[in-house]
Amino acid sequence: MKNLRLKAARAAKDLSQQALADLVGVSRQTINGIEKGSYNPTIRLCIAICKALDKTLDELFWEE
Amino acid sequence: MNVNLYHALGFAAGIIVTLLVCLLVRCLWLGKLRVRSEYDERQKAAQGVAYRNAFWTVVGYMLLGWLLNLFGVELSASPIFLFAGVVLGILVYVVSCIVLDAYMGLNENPRWWVVVTAVLAAVNLVCALCNIHNGAVWTANLLCGLLLVAVLITFCVRALLRPNREEDEE
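What you are looking at is a predicted structure, and each value in this text was computed from that prediction instead of being measured.

Taken domain by domain, chain B holds domain 1 (1-34) and domain 2 (35-161). Taking only C-alpha atoms, the centre of domain 1 of chain B and the centre of domain 2 of chain B are 31 Å apart.

Looking now at the interface of chain A and chain B. In this complex, chain A contributes 18 residues to the contact, which on the side of chain B involves 13 residues. Interface area for chain A against chain B, summed over the two sides, is near 1,400 Å², with a carbon-plus-sulfur share of 37%. Area buried by chain A at its contact with chain B is led by Arg28(A), Gln29(A) and Tyr39(A), which between them contribute 35% of it. Taken together, the links from chain A to chain B amount to zero salt bridges. Connecting chain A to chain B are six residue pairs in polar contact (both at pLDDT 80 or more). Listed by contribution, the elements that provide at least two residues to the side of chain A that touches chain B are α1 (4-12), α2 (17-24) and α3 (28-36) of chain A. Element by element, the count of residues in the side of chain A that touches chain B is highest for α3(A), at five residues. Among the residues making up the side of chain A that touches chain B, the classes are represented as four nonpolar, nine polar and five charged.

All names here are of chain B. All chains considered together, the criterion is met by three salt bridges over all chains. The residue arginine 158 makes a salt bridge to aspartate 101 at a minimum N-O spacing of 2.9 Å. In this pair, arginine 158 sits in helix α5 (residues 140-161) while aspartate 101 sits in the loop between α3 (79-99) and α4 (110-133), placing the two residues 57 residues apart along the sequence. The class of aspartate 101 is buried, set by a relative accessible area of 11%.

Conventions and cut-offs
Residues numbered from 1 in each chain as written. Chains lettered and ligands numbered in written order. Predicted model: local features only at pLDDT ≥ 70, side-chain atom pairs only at ≥ 80, totals over all residues. Heavy atoms only, no water. Domains from an automatic or database assignment. Contact = heavy atoms within 4.5 Å. Buried area = accessible area lost by both parts, 1.4 Å probe. Salt bridge = Lys/Arg side-chain N within 4 Å of Asp/Glu carboxyl O. Polar contact = N/O pair within 3.5 Å; in protein donor to acceptor, adjacent residues only side chain to side chain. Helix = DSSP H or I, 4+ residues; strand = E, 2+ residues; numbered from the N terminus. Nonpolar A, V, L, I, M, F, W, Y, C, P; charged D, E, K, R; others polar. Buried < 20%, exposed > 50% of the residue type's maximum accessible area, 1.4 Å probe, protein only.

Take a look at the structure:
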């Protein structure tokens, strides 16, 4: 399932996938995979992304 | 006299090479020349998948050799057949990694890698051509050259098929 909230949060910060990837220390393809829903990140990476985007885990990764 | 001279030169060359190797190992040990690829968590998981693909490919290849042996084909006992199995395993591993975007580390320069691989492929293929000229067709040089060419082609095709780097949807 696509993670549109992550994509929106990244766009709100005016970050490209590559910029966010550099911030959290992963490849661009990994960020792309998370947004597309083809890769399920570890909690460590989720936290790093949340810190980079100033969001909580619930806001970005919790499914209603 | 000449024999003694050559012996002395060989001895000196051995010592020099040993010193160079020791120096290289020392530098590597101290981390001065350390070049370690860094992979993220997705890439490490993808490399596991690639390793599994390569493992089962080699198992299948060995089974094929065993079947050929059962039917009286002595090919499976030749060293080049065994070496081809290793090359096949490496090929499957590398191609799988490239397709899954897990081959190049985060700190690696793809252009440098392409140049080095192309040079190595050329050297191996030239050696293979010399071997073919001397009557030996299937050699380790030929297999390594073909392996490197196949890896290069896969890498280039993958790079061409990949959408724009800043494009979100891949």
